[in-house]
Amino acid sequence: MTQDEFIRLVGSSLFHVTLQTNLPGIEARGLLRPAEAARQAGFAPADVALRNDPETIVAHAGPMTLNHQRPLLAGADQAADFLSSGSLRDWALQLDERIFFWPRKMRQSYMDSLGDRVPLAVLEIDAAGLFDLHSGHLDMAPINSGAALRRPAKRGPWIYVPATATVEAFRANRFKRKLVKSRDAVAEVSLRCDITGSQISKLLIGREA
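The rules behind each value
Residues numbered from 1 in each chain as written. Predicted model: local features only at pLDDT ≥ 70, side-chain atom pairs only at ≥ 80, totals over all residues. Heavy atoms only, no water. Salt bridge = Lys/Arg side-chain N within 4 Å of Asp/Glu carboxyl O. Helix = DSSP H or I, 4+ residues; strand = E, 2+ residues; numbered from the N terminus. Core = buried A, V, L, I, M, F, W, Y, C linked by side-chain atoms within 4.5 Å. Buried < 20%, exposed > 50% of the residue type's maximum accessible area, 1.4 Å probe, protein only. Contact = heavy atoms within 4.5 Å. Pairing = 2+ DSSP bridges. Polar contact = N/O pair within 3.5 Å; in protein donor to acceptor, adjacent residues only side chain to side chain. Phe/Tyr/Trp six-rings, centres within 6.5 Å; stacked < 30°, edge-to-face > 60°. Lys NZ or Arg CZ within 6 Å of the ring centre and 35° of its normal. Axes fitted to C-alpha atoms, helices over the stretch in contact; angles between N-to-C directions. Parallel < 35°, antiparallel > 145°, perpendicular 65-115°, else oblique. Left-handed = near helix turned anticlockwise from the far one by under 90°. Nonpolar A, V, L, I, M, F, W, Y, C, P; charged D, E, K, R; others polar.

(A) Summary view of the pattern of salt bridges. Counted by the stated rule, this structure contains 11 salt bridges. Taking the shortest distance from any N to any O, the salt bridge between Arg33 and Glu97 comes out at 3.1 Å. Here Glu97 lies in the loop between α6 (88-95) and β4 (99-101) and Arg33 lies in the loop between α2 (23-29) and α3 (34-40), a separation of 64 residues in the sequence. Residue Arg98 is joined to Asp139 by a salt bridge in which the shortest nitrogen-to-oxygen separation is 2.7 Å. In this pair, Arg98 is assigned in the loop between α6 and β4 and Asp139 in strand β6 (residues 138-141), connecting sequence segments 41 residues apart. What emerges from the salt-bridge pattern is a single network uniting Arg33, Glu36, Arg39, Glu97 and Asp194.

Here it is as structure tokens:
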């Protein structure tokens, strides 16, 4: 798809939610995937997967707190029903290889899922700029792929449709599998690489804390 088609699907801005304590590190090193932060701290990504509580580790540019994964752990007893392949740990590991962004309409529901009265910051990112920089590493999903609350939607690696695919490939992804009765809208955008500090400074439109 083109940049214009991507913007029509996701909007002109995307939002990344993080703990306020992570802001100095983001300014210094950019946005790291949790798995990469773990590797920089000398851990295997599996050591921090399926976090029941936030976990602070020290990456190259200082401490970084990884948020808990309780919205995913909520579905532990029914993982075999909503995962088309692999285990819940496998799913958590691939989540940690991504940085997640949300369209405006999903921002509050995601923040509510974090709970715990933890001070949060919301970074508003220029979607066109993100596409220009990293279209080959961007995926779209019609669900919050890291949450398994209530009646979790069916998912597997196929739930992520690359931004390099066509608009129809995304919109018909679940429809053609007979999982839904209508074509999908984007609920989540994820990035399979890190964003440097210099890139963040160019992409950042605003910040709420």
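Read on, since the account is not over.
(B) Looking closely at the nonpolar core. Counting 29 residues, the largest nonpolar core has Phe6, Val10, Phe101, Leu130, Met140, Val189 and Ile195 as the members making the most contacts within it. Those elements giving two or more residues to this core turn out to be α1 (3-10), α2, β4, β5 (120-126), α8 (127-134), β6, β8 (188-191) and α10 (197-203). Look past the residues within four positions of Leu130 in its chain and what remains in contact with it is Leu14, Phe101, Ile125, Ser135, Leu138, Leu191, Ile195 and Leu203. Ranked by size, the runner-up nonpolar core spans 22 residues in total, among them Val17, Trp91, Trp158 and Tyr160.

(C) Structural detail: the side chain of Ser145. Structurally, Ser145 is set in the loop between β6 and β7 (161-162). Contact partners of Ser145, with chain neighbours within four places excluded, come to Trp91, Leu95, Phe100, Arg155, Tyr160 and Glu188.

(D) Seen up close, the sheet that holds β7. Sheet architecture is open: 4 strands sit in the order β4-β8-β6-β7, paired in antiparallel fashion. Two strands lie at the open edges of the sheet, namely β4 and β7, each paired on one side alone. In this sheet, β7 lies alongside β6 in antiparallel orientation, the contact comprising 2 bridges. Bridging across to β7, Met140 finds its partner in Val161.

(E) Just the pairing of β6, in detail. Residues Leu138 and Met140 of β6 are buried on one face, and the alternating residues Asp139 and Ala141, pointing to the opposite face, are buried as well. Here β6 pairs with β8 via 4 bridges, running antiparallel. By the bridge assignment for β8, Leu138 is matched with Leu191.

(F) Geometry of unusual backbone geometry. The phi dihedral of Arg150 is positive, around 55 degrees, even though this residue is not glycine. Among the secondary structure elements, Arg150 is positioned in the loop between β6 and β7. Located in the positive-phi region is Lys178, a residue other than glycine, with phi close to 65 degrees. Relative to the assigned elements, Lys178 resides in the loop between α9 (167-171) and β8. Accessibility expressed as a relative area gives 77% for Lys178, which makes it exposed.

(G) Looking closely at the side chain of Arg98. A relative accessible area of 9% means that Arg98 is categorised as buried. There is a polar contact of 2.8 Å between the side chain of Arg98 and the side chain of Ser190. Not counting chain neighbours up to four residues away, the residues in contact with Arg98 comprise Arg33, Pro34, Asp139, Tyr160, Ser190, Leu191 and Arg192.

(H) Quick peek at the packing of aromatic side chains. Counting across every chain of the model gives 3 aromatic pairs. Summarising the aromatic geometry, the rings of Trp91 and Tyr160 are spaced 5.8 Å apart at their centres and angled 15 degrees between planes, so their arrangement reads as stacked. Residue Trp91 is found in helix α6, and its partner Tyr160 is found in the loop between β6 and β7; the two are separated by 69 residues along the sequence. The class for Trp91 is buried, based on a relative accessible area of 4%. Just above the ring of Tyr160 sits the side chain of Arg98; from NZ or CZ to the centre is 3.5 Å.

(I) Highlighting the packing of α1 against α8. One way to put it is that α1 packs onto α8 with a least axis distance of 10 Å and a crossing angle of 130 degrees. By the angle class used here, α1 and α8 are oblique. The hand of the α1/α8 crossing is right-handed. Residues Gln3, Phe6, Ile7 and Val10 of α1 touch α8, and the partners they reach there are Ala127, Ala128, Phe131 and Asp132. By residue class, the composition of the contact of α1 with α8 is 6 nonpolar, 1 polar and 1 charged.

Shape descriptors only; they carry no functional weight alone.
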